[in-house]
Amino acid sequence: MSNEHEYDVTAIQEKWLPIWDELKPFDSNKPGDTRPKKYVLDMFPYPSGDLHMGHAEAYALGDVIARYWAQKGYNVLHPIGWDSFGLPAENAAIKRGLDPKGWTYDNIAQQRASMRRYACSFDWDRVLVTSDPIYYRWNQWLFLEFYKRGLAYRKNSAVNWCPSCQTVLANEQVVQGLCERCDSVVTKKALTQWYFKVTDYADRLLDDLDTLEGNWPGKVLSMQRNWIGRSYGAEVDFEIEGRAEPVTVYTTRPDTLFGATFMVVAVDSALASELVEESESEIHSAFDAYLEQTKKSNDIERLATDREKTGVFTGRYAINPVNGERIPIWASDYVLADYGTGAIMAVPAHDARDGEFAAKFDLPVRVVVDNQDDIAGDGPHLNSGEFDGLHKEEASEKIVAMLEAKGKGKKAKNFRLRDWLISRQRYWGTPIPIIHCDSCGEVPVPADQLPVELPSAEGLDLKPKGSSPLGAAEDWVNVACPTCGKPAKRDSDTMDTFVDSSWYFLRYLSPKSETEAFPVEAAKEWAPVDQYVGGVTHAILHLLYARFFTKVLHDIGLIDFEEPFTRLLNQGMVQMNGSAMSKSRGNLVRLSDQLGEHGVDAVRLTMAFAGPPEDDIDWADVSPAGSAKFLARAWRAANDVTSAPGVDVTTGNKELRKATHSFLRDFGPLIEGFKFNVGVAKLMELVNALRKAIDGEAGGADPAVREAAEVVAVGLSLFAPYTAEDMWELLGHKPGVALAGLPAADESLLVESSIVAIVQVDGKLRDKFEVSVSITADELREKALSSDAVKRALGDSEIANIIVREPKLVSIATK
RNA sequence: GCCGGGAUGGCGAAAUGGCAGACGCGGAGCACUCAAAAUGCUUUGUCGAAAGACGUGUGGGUUCAAGUCCCACUCUCGGCACCA
């Protein structure tokens, strides 16, 4: 074979990259562009070293979608940036004695070069980097907008504390009692911290999930629903002996109020401490000891499922409002201080936890629902006075109505969701734009003084020590109060990096703007994001926060939509030999090695072809070498086309044309349905048909061969942009296969004149034969019954029924 | 414990209730070659020489017809988990 017929991956890559840099086919900001708009967004990377196999999968799949819509004639906005603030940069910097800034920006440069080579259809004029002051000044601006509206506030409470990272964590960052970053056991610490008032939006965050049904993975929707965790029930007031104010409890089962035989308050609540205040000293000291022990324990111990219930009696009594009964008040750690009211009515007969507690401390149990004949737990009520005989729903309603009439209770709902703690005691983040003044209190930094830039890390001790390193930056932290001018101090904490990613999709619309966070008019045209692509690891955190920000921005009047991401695709993970890749496991596959060995196109194609995008890929099970082989085969076919561009294809080989147009019919719906692997399979079928035609009767000069080769090039451009572009050139076209477009399928070529009919006897396939598509039911039945194979299968049995679905099928049932 | 997925050849996987296993990997064979690689072609669910039988985790059901729908179960992977 001569040299010019060799498929040389490296040469092709080197050839096209500079040409694309010049041509900018994916510039989404061309003046006078009238194409309809489409916003396709990949979750932006964190710059921790070079790109890895996981990135390669995510960006390959996102690019298939972006390139598909570009081929369909859309002006596709497909941007990329870096989520570059955060702990790993800081920890790496401490470890290596470097500035987090240098480490971060070096990694960005490396990832950027890798991405360019990976040839995604990014618009390189819209790059954003969250650690740039030009970006994070708008974090600060948004923070102050939130602050103005009471959506950012400071409170003192027991917060999650990671003793290793030496910083607080949001609820969402605590996974099974462990820090999501470093797996240290999370403890509690009382601190004054900044929060965003997500709970104000709990109902909308939950209810609007319904509008995403079908367009987001069901798994993500259910995880979000679970996380928000709305429950309906009632608040009930219990009078307390010797206390002026009643104590309110929250319950989802007001119907079981007659079975409430004691009350439990969270041991770490203010209420508990207050209640024991007046109790005898013995009780008081027992309580203190128990509280001390609780504070020392961490969530891991607290949440162990098989753990026995613990608690102490407070020495106080409450009065059950429905029957006037005097019930003891206990304190325990199984009641949470920050859910509901921090106090519960215990119904040991019908709540497993209360039951365990009652058994442990020998407290009375009263059955109020007869569940003997009803495993669903909705038997008739008893021991409930006038409510006896009623079932759950009716009993609840009537009891709540009675409480309401007496002013002792009301309907209520509760959420699992807590407000978002955004303060972090670390250096590498957005400074919180608040100044603390002894006379004026919290003073927002005036808008014209934004951004509050991070001071240089030089001379600062970044080692975690429980307070922000920024506190030691004397020149930075000490300022004059903007209101009174007296000496004051900047807030030295930085924001959680999830603040950065909560609105970045809007910033891509004007990443360099110094006058606004994002352009309101352009947002109307481009946003919300039509297609979001990223890992399921962000199913709760990032997506919930971004949804919250979107709703706030909507309420402020800056955007006209309430959900940021219309459609969501969660790609799976890339594994090796059955487990996640890691250096310590020794199963790390380096992306750069794979790209060097097989080429960019083959790696990308492998990601798309391996299976459904949401499934994990085990790199040991797939074949990038096979992908490379296929690409070479497709490329060689383009080489073998000898007709001129623009040749009249209608005279071409019928069979090949049919294959081409049936591909054109199938391809679009497959890609739009995320069935990329099947789309690639269809391309392979077309290449096989093309090869056959070139080597067979049709030959390389047949116009149908050109038609098929061009369709292959365009289809392939979604997965293998280099090979596709090179094929396009071989076929005599100017560079630009990415925007060449796919022709519509010519349906007239797809009309079949004959079809293979099948005959089943008792559900088993017995014969098949070619028939005209216009065959009548009677003719088909006759043909089936006269078939030898069918006769043999029927034997002596009597026919009970014959179903004919002409022209495809005859189904014979015997008696 | 609760809520969701999933289970199809040696492997990754296809399949609007209508020919199970498309497409690919791997295997076998042939051609080309002095030879190998590369390439092209043929073949490849299991058992069987063949006819044929069996076959989509298990057991039932609906249907002329079930991988697909219904019921029960097993295994497996996620998520949540003292939220009253």
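It should be noted that the structure appears before, not after, this text.
What counts, and at which threshold
- Residues numbered from 1 in each chain as written.
- Chains lettered and ligands numbered in written order.
- Predicted model: local features only at pLDDT ≥ 70, side-chain atom pairs only at ≥ 80, totals over all residues.
- Heavy atoms only, no water.
- Helix = DSSP H or I, 4+ residues; strand = E, 2+ residues; numbered from the N terminus.
- Buried < 20%, exposed > 50% of the residue type's maximum accessible area, 1.4 Å probe, protein only.
- Areas by Shrake-Rupley, 256 points an atom, 1.4 Å probe, with all protein chains shown as cover.
- Lys, Arg positive; Asp, Glu negative; His and termini not counted.
- Charge placed at Lys NZ, Arg CZ, Asp CG, Glu CD.
- Salt bridge = Lys/Arg side-chain N within 4 Å of Asp/Glu carboxyl O.
- Axes fitted to C-alpha atoms, helices over the stretch in contact; angles between N-to-C directions.
- Parallel < 35°, antiparallel > 145°, perpendicular 65-115°, else oblique.
- Contact = heavy atoms within 4.5 Å.
- Nonpolar A, V, L, I, M, F, W, Y, C, P; charged D, E, K, R; others polar.
- Left-handed = near helix turned anticlockwise from the far one by under 90°.
- Expected span 1.5 Å × (residues − 1).
- 1 Å grid on protein atoms, 1.4 Å probe; cavity = no way out; pocket = protein on both sides within 12 Å on 5 of 7 lines; lining within 4 Å.
- Points joined across faces, edges and corners; volume = space filled by probe spheres on them.
- Pairing = 2+ DSSP bridges.
- Right-handed = clockwise from strand over helix to strand, strands pointing away.
- Core = buried A, V, L, I, M, F, W, Y, C linked by side-chain atoms within 4.5 Å.
- Phe/Tyr/Trp six-rings, centres within 6.5 Å; stacked < 30°, edge-to-face > 60°.

*Asks:* Please provide a residue-by-residue account of the overall build of chain A, values included.
*Replies:* In terms of regular secondary structure, chain A is built from 25 helices and 32 strands. Projected onto its principal axes, the C-alpha coordinates of chain A cover approximately 105 × 85 × 50 Å. By the burial criterion, 53% of the 815 residues in chain A qualify as buried. Of the roughly 35800 Å² that chain A leaves accessible, carbon and sulfur atoms contribute 49%. The distance from the centre of the 89 positive side-chain charges to the centre of the 121 negative ones in chain A is 2 Å.

*Asks:* Now, about the pattern of salt bridges: what can you tell me, with residues and values included?
*Replies:* As enumerated under the stated definition, the model contains 47 salt bridges in all. R230 is paired through a salt bridge with D203; the nearest N and O atoms lie 2.4 Å apart. Of the two residues, R230 sits in strand β10 (residues 230-240) while D203 sits in helix α6 (residues 202-207), which places them 27 residues apart along the sequence. Using a relative accessible area of 22% as the deciding quantity, one classes R230 as partly exposed. Overall, D203 belongs to the partly exposed group, its relative accessible area being 24%. Its salt-bridge partner being R781, residue D778 comes within 2.9 Å of it at the nearest N-O pair. With a gap of three residues between them, D778 and R781 both fall in helix α24 (residues 777-785), about one helical turn apart.

*Asks:* Report on the packing of helix α1 (residues 9-23) against helix α23 (residues 721-730), specifying residues and quantitative values.
*Replies:* At a minimum axis separation of 10 Å, α1 and α23 run at an interaxial angle of 85°. As summarised for this structure, α1 and α23 are arranged roughly perpendicular, according to the angle between their axes. Side by side, α1 and α23 meet where I12, Q13, K15, W16, L17 and W20 of the first sit next to P721, Y722, T723, E725, D726 and E729 of the second. In terms of residue class, the contact of α1 with α23 is made up of six nonpolar, two polar and four charged.

*Asks:* Before we move on, could you go through the packing of helix α2 (residues 53-71) against helix α20 (residues 654-672) and cite the residues and values that matter?
*Replies:* Contact geometry for α2 and α20: axes closest at 10 Å, N-to-C directions at 135°. On the basis of their axis angle, the class for α2 and α20 is oblique. The way α2 lies across α20 gives a crossing that is left-handed. Taking contact as the criterion, the partners of V64, Y68 and W69 in α2 are, on α20, G668, I671 and E672.

*Asks:* Explain the environment of R149 to me, using residue names and the numbers behind them.
*Replies:* Tracing the sequence through the fold places R149 in the loop between α5 (133-148) and β5 (152-162). Judged by relative accessible area, R149 falls into the partly exposed class, the value being 41%. Residues R149 and V322 lie 173 residues apart in sequence; the distance between their C-alpha atoms is 41 Å.

*Asks:* Describe the environment of K155, listing the residues and the values that go with them.
*Replies:* Of note, K155 is situated in strand β5. Judged by its relative accessible area of 32%, K155 is partly exposed. Sequence separation of K155 and T723 is 568 residues, and the distance between their C-alpha atoms is 58 Å. If we ignore the near neighbours within four places in the chain, the residues touching K155 are L191, T192, Q193 and Y195.

*Asks:* Run through α5, naming residues and quoting values.
*Replies:* With 16 residues, α5 extends 22 Å between its outermost C-alpha atoms, agreeing within 8% with the 22 Å of an ideal straight helix rising 1.5 Å per residue. Taken as a whole, α5 has its buried residues at Y135, Y136, R137, W138, N139, Q140, L142, F143, L144, E145 and F146. Phi for G150, located one or two positions after α5, is positive at around 75°.

*Asks:* Any chance you could break down empty space enclosed by the protein for me, citing the residues and the numbers?
*Replies:* Here the structure, examined in full by the defined rule, presents three cavities of 30 Å³ or more. Quantified by volume, the largest cavity comes out at close to 200 Å³. The wall of the largest cavity is formed by 19 residues, among which L87, Q173, R424, D496 and T497 lie closest to the centre. At the level of secondary structure, the elements contributing two or more residues to the lining of the largest cavity comprise β6 (167-169) and β23 (494-495). The element contributing the most residues to the lining of the largest cavity is β6, with three residues. In the lining of the largest cavity, the residues fall into eight nonpolar, six polar and five charged.

*Asks:* Lay out the side chain of K551 with the relevant residues and their values.
*Replies:* Structurally, K551 can be placed in helix α16 (residues 541-556). Once residues lying within four places of it in the same chain are set aside, the contact partners of K551 are Y201, R204, L205, D208, E562 and E563.

*Asks:* So what about the sheet that holds strand β32 (residues 809-814)? Which residues, and what values?
*Replies:* Within the open sheet, the four strands sit side by side as β30-β29-β32-β31. Their pairing is mixed. On the outer flanks of this sheet lie β30 (764-772) and β31 (799-805), each paired with one strand and no other. For this sheet, the mean inter-axis angle between neighbouring strands, taken without regard to orientation, is 15°. As paired strands, strand β29 (residues 754-761) and β30 are joined by eight bridges and run antiparallel to one another. Opposite I755, over in β30, you have V771 as the bridge partner. Along the sheet, α24 contacts β29, β30, β31 and β32; its crossing angle with β31, the most-contacted strand, is approximately 130°.

*Asks:* Please give an account of the sheet that holds strand β9 (residues 187-196) that cites residues and values.
*Replies:* Here four strands make up an open sheet; going across it, the order is β6-β5-β9-β17 and the pairing antiparallel. The strands lining the two open edges of the sheet, one partner per strand, are β6 and β17 (420-421).

*Asks:* I'd like to hear about the pairing of strand β24 (residues 531-535), residue by residue, with values.
*Replies:* Where burial is concerned, most of β24 is hidden: five out of the five residues are buried. In this structure, strand β1 (residues 37-42) lies alongside β24, joined through three bridges in parallel fashion. When the bridges of β24 are listed, V40 appears paired with Q531. Pairing between β24 and strand β25 (residues 568-571): four bridges, direction parallel. When the bridges of β25 are listed, G534 appears paired with N570. Taking the sense of rotation as the criterion, the β-α-β connection linking β24, α16 and β25 turns out right-handed.

*Asks:* Account for the nonpolar core, naming residues and giving values.
*Replies:* Core analysis: the largest hydrophobic core is formed by 92 residues, its most contacted members being F143, F196, W420, L506 and F548. Here this core takes nine residues from α16, the largest share from any one element. Residues within four places of F143 in sequence aside, it is in contact with A152, W194, F196, I422, I432, P433, I434 and M495. Counting 89 residues, the second-largest nonpolar core is a separate cluster that includes A119, L595, L605 and V737.

*Asks:* Requested: an account of the packing of aromatic side chains, with residues and values cited.
*Replies:* The full count for this structure, using the stated rule, is 42 aromatic pairs. Relative to F361, the ring of F357 has its centre 4.8 Å away and its plane inclined at 50°; by these criteria the two rings are tilted. In this pair, F357 and F361 both sit in helix α11 (residues 352-361), four residues apart, roughly one turn of the helix. On the basis of relative accessibility, which here comes to 22%, the residue F361 falls in the partly exposed class. Considering the side-chain rings of F498 and Y545, the 5.7 Å spacing of their centres and the 65° angle between planes classify their relative orientation as edge-to-face.

*Asks:* So what about unusual backbone geometry? Which residues, and what values?
*Replies:* In this structure, P528 follows A527 across a cis peptide bond, with omega equal to 0°. Positionally, P528 belongs in the loop between α15 (520-526) and β24. With an omega dihedral of 0°, the bond running from E806 to P807 counts as a cis peptide bond. Among the structural elements, P807 can be located in the loop between β31 and β32. Not every positive phi belongs to a glycine, and F674 is a case in point at roughly 65°. Here F674 is to be found in the loop between α20 and α21 (676-695).

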